[in-house]
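Listed here are the chains, written in short residue letters.
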Amino acid sequence: MEVEKLRTLLEQVKSGEIEVVDALQSLRTLPFEDLGFSKIDHHRQLRTGFPEVIFCDGKTDIQVAKISERILSAGHPLLATRATPSMYEAVKSIEPDARYNELGRTISVVQSDIQQKSGVLVVSAGTSDLPVAEEAAETAYMLGSSPERLYDVGVAGLHRLIGNHEKLLNARVIIVVAGMEGALPSVVGGLVDCPVIAVPTSVGYGASFGGLAALLGMLNSCASGVTVVNIDNGFGAGYSAALMNRLSEPV
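Note that this is a predicted model, so its numbers are computed, not measured.

## Topic: the sheet that holds strand 4 (residues 78-81)
Turning to step 1, where the next piece is worked out: Read across the open sheet, the four strands follow the order 3-4-6-5; overall the sheet is mixed. Strands at the two margins of the open sheet, each flanked by one partner only, are strand 3 (54-55) and strand 5 (99-101).
Turning to step 2, where the next piece is worked out: Two strands pair when backbone bridges link them, and strand 3 and strand 4 are joined in this way by two bridges, in the parallel orientation. From the neighbouring strand, I54 faces strand 4, where its bridge partner is A80.

## Brief notes about the side chain of E95
Turning to step 1, where the next piece is worked out: Within the fold, E95 resides in the loop between helix 5 (85-92) and strand 5.
Turning to step 2, where the next piece is worked out: For E95, which is buried and forms no salt bridge, the nearest opposite charge comes from K92, at a distance of 10 Å.
Turning to step 3, where the next piece is worked out: Reaching out from E95, the side chain makes a polar contact with the backbone nitrogen of D97 at a distance of 3.0 Å.
Turning to step 4, where the next piece is worked out: Not counting the four nearest positions on each side in its chain, E95 is found in contact with L72 and V109.

## Topic: the sheet that holds strand 9 (residues 173-178)
Turning to step 1, where the next piece is worked out: Taking strand neighbours across the sheet as the criterion, the five strands line up as 8-7-9-10-11 in an open arrangement whose pairing is parallel. Unpaired on one side and paired on the other, strand 8 (148-150) and strand 11 (226-228) mark the two borders of the sheet. Taking the axes of each pair of neighbouring strands and ignoring which way they run, one obtains an average angle of 25° across the sheet.
Turning to step 2, where the next piece is worked out: Relative to strand 10 (residues 196-200), strand 9 is paired through five bridges, and the arrangement is parallel. Within the sheet, the bridge partner assigned to A178 lies in strand 10 and is P200.

## Description of the side chain of E138
Turning to step 1, where the next piece is worked out: Within the element layout of this structure, E138 appears in helix 6 (residues 130-142).
Turning to step 2, where the next piece is worked out: For E138, a relative accessible area of 5% gives the class buried.
Turning to step 3, where the next piece is worked out: Leaving out residues up to four positions away in the same chain, E138 has contacts with R99, N101, T106 and S108.

## Some details on unusual backbone geometry
Turning to step 1, where the next piece is worked out: Even without glycine at this site, R82 takes up a positive phi of about 55°.
Turning to step 2, where the next piece is worked out: Mapped onto the secondary structure, R82 falls in the loop between strand 4 and helix 5.
Turning to step 3, where the next piece is worked out: Residue R82 is classed as buried on the basis of its relative accessible area, which comes to 17%.
Turning to step 4, where the next piece is worked out: Positive phi is not limited to glycine here, since D152 has a value of about 60°.
Turning to step 5, where the next piece is worked out: With respect to the helices, strands and loops of the structure, D152 is situated in the loop between strand 8 and helix 7 (159-162).
Turning to step 6, where the next piece is worked out: Taking relative accessible area as the criterion, D152 reaches 32% and is therefore assigned partly exposed.

Thresholds applied
Residues numbered from 1 in each chain as written. Predicted model: local features only at pLDDT ≥ 70, side-chain atom pairs only at ≥ 80, totals over all residues. Heavy atoms only, no water. Pairing = 2+ DSSP bridges. Helix = DSSP H or I, 4+ residues; strand = E, 2+ residues; numbered from the N terminus. Buried < 20%, exposed > 50% of the residue type's maximum accessible area, 1.4 Å probe, protein only. Lys, Arg positive; Asp, Glu negative; His and termini not counted. Salt bridge = Lys/Arg side-chain N within 4 Å of Asp/Glu carboxyl O. Polar contact = N/O pair within 3.5 Å; in protein donor to acceptor, adjacent residues only side chain to side chain. Contact = heavy atoms within 4.5 Å. Axes fitted to C-alpha atoms, helices over the stretch in contact; angles between N-to-C directions.

Structure below.
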């Protein structure tokens with residue numbers, strides 16, 4: 001339940017507009033709702049400012065749809081990551097307004113206006129990194145940070161990045177997504193005065209070890225202000241960036 005909806009409910013009880021028993025019925029799913037195969041944490045938005053997000057890997061289409069239905073019924077916005085087209089169709093059958101980012105593999109539903117704040121920039125080294133970059137961008141957007149995108153500016157053609165230096169300087173938080181040797185976050189970190197969130201991807205040939213080479217490169221960055229999330233974890237980067245941006249001064 002969203003904070004404003006809970007406040008309104010309590011005010012209605014106080015004023016006598018609704019009975020206590022009806023208010024209790026509205027709160028029946030707090031702190032969680034047990035579906036048997038899943039326990040939905042409806043209380044999470046009150047604690048953290050955003051409801052539970054569905055990680056779709058390992059779930060069936062039906063499970064994703066049922067969890068989505070209960071999250072939406074509670075009045076929450078919906079974000080599901082690593083979703084397949086068939087999962088999207090299952091969710092869309094219960095919510096026609098569901099939106100699917102095919103590249104980022106996310107399903108989202110905005111149930112009320114999200115106040116968007118600029119300041120988050122998502123940078124990708126190559127086009128092959130875009131699925132992770134788009135997951136990060138969609139996550140940041142759902143948390144209220146409308147992201148700007150700067151794609152395919154890796155170190156193999158550094159002039160592409162330098163040509164967009166103004167975008168880097170205007171950002172409050174920068175997400176840098178890169179595979180191969182994972183060098184781009186260090187370059188960006190040496191150019192800006194804001195937090196840089198590095199996201200290693202599993203893009204690369206054999207010795208990249210599924211993103212491990214990029215991860216180790218980013219963890220050993222000589223640039224200050226670079227923090228690193230897990231391999232292919234665009235969601236974690238987008239979530240952290242939105243939280244940082246929420247606390248920053250408006251751009």
